[in-house]
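For reference, the chains in residue letters:
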Amino acid sequence: MNKTLMKNRNCVDFTNFAIRIVGGSMRGIKFPVHNKLFTIGRFVDADIRIHDTFLAPIHCQLAYLNGSWHIEDLHSNNGIWISGRQISVRNILPLKTPVVIGKTIFEMEIGTQAESEFSGQNWFNCITV
């Protein structure tokens, strides 16, 4: 991790994060993250809508808290699986960690835009959380 980013974990530009679908019918699609709190599900009310009949209407919630992304199941039938184990309470979600919901696998990632901005060249887009 870049030393500049490590020194200031309170400054996060959420446009640098994305959800990348790495498995399932929507594989290869990348959803930019615009907020520090958002939902994923199969219905239009979800912030990120994934076409997967095994997802709940609003399946899970992701939140940026205390310098880390967290994921929480919102009472879905099929749950959330991280590293082969089902989670039942809010968990930290490390970047580039495969998450299984329904028949979909996704990862939280930092995009190439983030890599250049977190190098110390441009901090004007950061917001305090």
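Q: Looking at this structure, I do not really get the environment of Leu93. What am I missing?
A: Along the chain, the position of Leu93 falls in the loop between strand S10 (91–92) and strand S11 (99–101). Classification of Leu93 as buried rests on a relative accessible area of 2%. Residues Leu93 and Met108 lie 15 residues apart in sequence; the distance between their C-alpha atoms is 7.9 Å. Ignoring any residue separated from it by four or fewer positions in sequence, one finds Leu93 in contact with Leu62, Trp69, His70, Ile71, Ile82, Val99, Phe106 and Met108.

Q: What's the story with the pattern of salt bridges in this structure? I'm lost.
A: Oppositely charged side chains can form a pair if their charged atoms are brought close together. This model, assessed by the stated rule, comprises 3 salt bridges. Arg20 is the salt-bridge partner of Glu109, the closest N and O atoms lying 3.1 Å from each other. One end of the pair, Glu109, is in strand S12 (residues 104–110); the other, Arg20, is in strand S2 (residues 17–23), with 89 residues separating them in the sequence. Take Arg20: its relative accessible area is 28%, and that puts it in the partly exposed class. Salt-bridge contacts for Lys96 lead to Glu109; the nearest nitrogen and oxygen are separated by 3.8 Å. Taken as a pair, Lys96 in the loop between S10 and S11 and Glu109 in strand S12 lie far apart in primary sequence, 13 residues in all. Residue Lys96 is classed as exposed on the basis of its relative accessible area, which comes to 53%.

Q: Looking at this structure, I do not really get the confidence of the model for the chain. What am I missing?
A: A low pLDDT means the predicted coordinates there should not be read in detail. Of the residues in the chain, 74% reach a pLDDT of 70 or more, and the chain-wide mean stands at 81. Taking the mean pLDDT of every element in the chain, the minimum, 34, falls on strand S13 (residues 127–128) and the maximum, 98, on S11. Predicted confidence for residues 1–9 stays below pLDDT 50, and this span has 11 contacts to residues more than four positions away or in other chains. Every residue in residues 113–129 scores below 50 in pLDDT, and together they form 34 contacts with partners more than four places removed in sequence or on other chains.

Q: Is there a simple way to think about the side chain of Glu109 in this case?
A: Classification of Glu109 by relative accessible area gives buried; the value is 4%. Only 3.4 Å separates the side chain of Glu109 from the side chain of Lys30, close enough to count as a polar contact. When sequence neighbours within four positions are dropped, the list of residues in contact with Glu109 reads Asn16, Phe17, Ala18, Arg20, Lys30, Leu95 and Lys96.

Q: How should the environment of Val99 be read in this particular structure?
A: Relative to the helices and strands, Val99 is located in strand S11. Judged by its relative accessible area of 0%, Val99 is buried. Aside from chain neighbours lying at most four places away, what touches Val99 is Ile71, Ile80, Trp81, Ile82, Leu93, Thr104, Ile105 and Phe106.

Q: What is the right way to read the pairing of strand S7 (residues 68–73) from this model?
A: If a strand is regular, its side chains alternate between the two faces of the sheet. With 6 bridges connecting them, strand S6 (residues 60–65) and S7 associate as antiparallel partners. Paired with Cys60 across the strands is Asp73, a residue of S7. From the end of S6 to the start of S7, which pair antiparallel, there are 2 residues, and Asn66 there has a positive phi angle of about 50°. Strand direction decides the pairing type here: S7 and S10, joined by 2 bridges, are antiparallel. If you follow Ile71 over to S10, its bridge partner there is Asn91.

Rules of the game
- Residues numbered from 1 in each chain as written.
- Predicted model: local features only at pLDDT ≥ 70, side-chain atom pairs only at ≥ 80, totals over all residues.
- Heavy atoms only, no water.
- Helix = DSSP H or I, 4+ residues; strand = E, 2+ residues; numbered from the N terminus.
- Buried < 20%, exposed > 50% of the residue type's maximum accessible area, 1.4 Å probe, protein only.
- Contact = heavy atoms within 4.5 Å.
- Salt bridge = Lys/Arg side-chain N within 4 Å of Asp/Glu carboxyl O.
- pLDDT = per-residue confidence, 0-100.
- Polar contact = N/O pair within 3.5 Å; in protein donor to acceptor, adjacent residues only side chain to side chain.
- Pairing = 2+ DSSP bridges.

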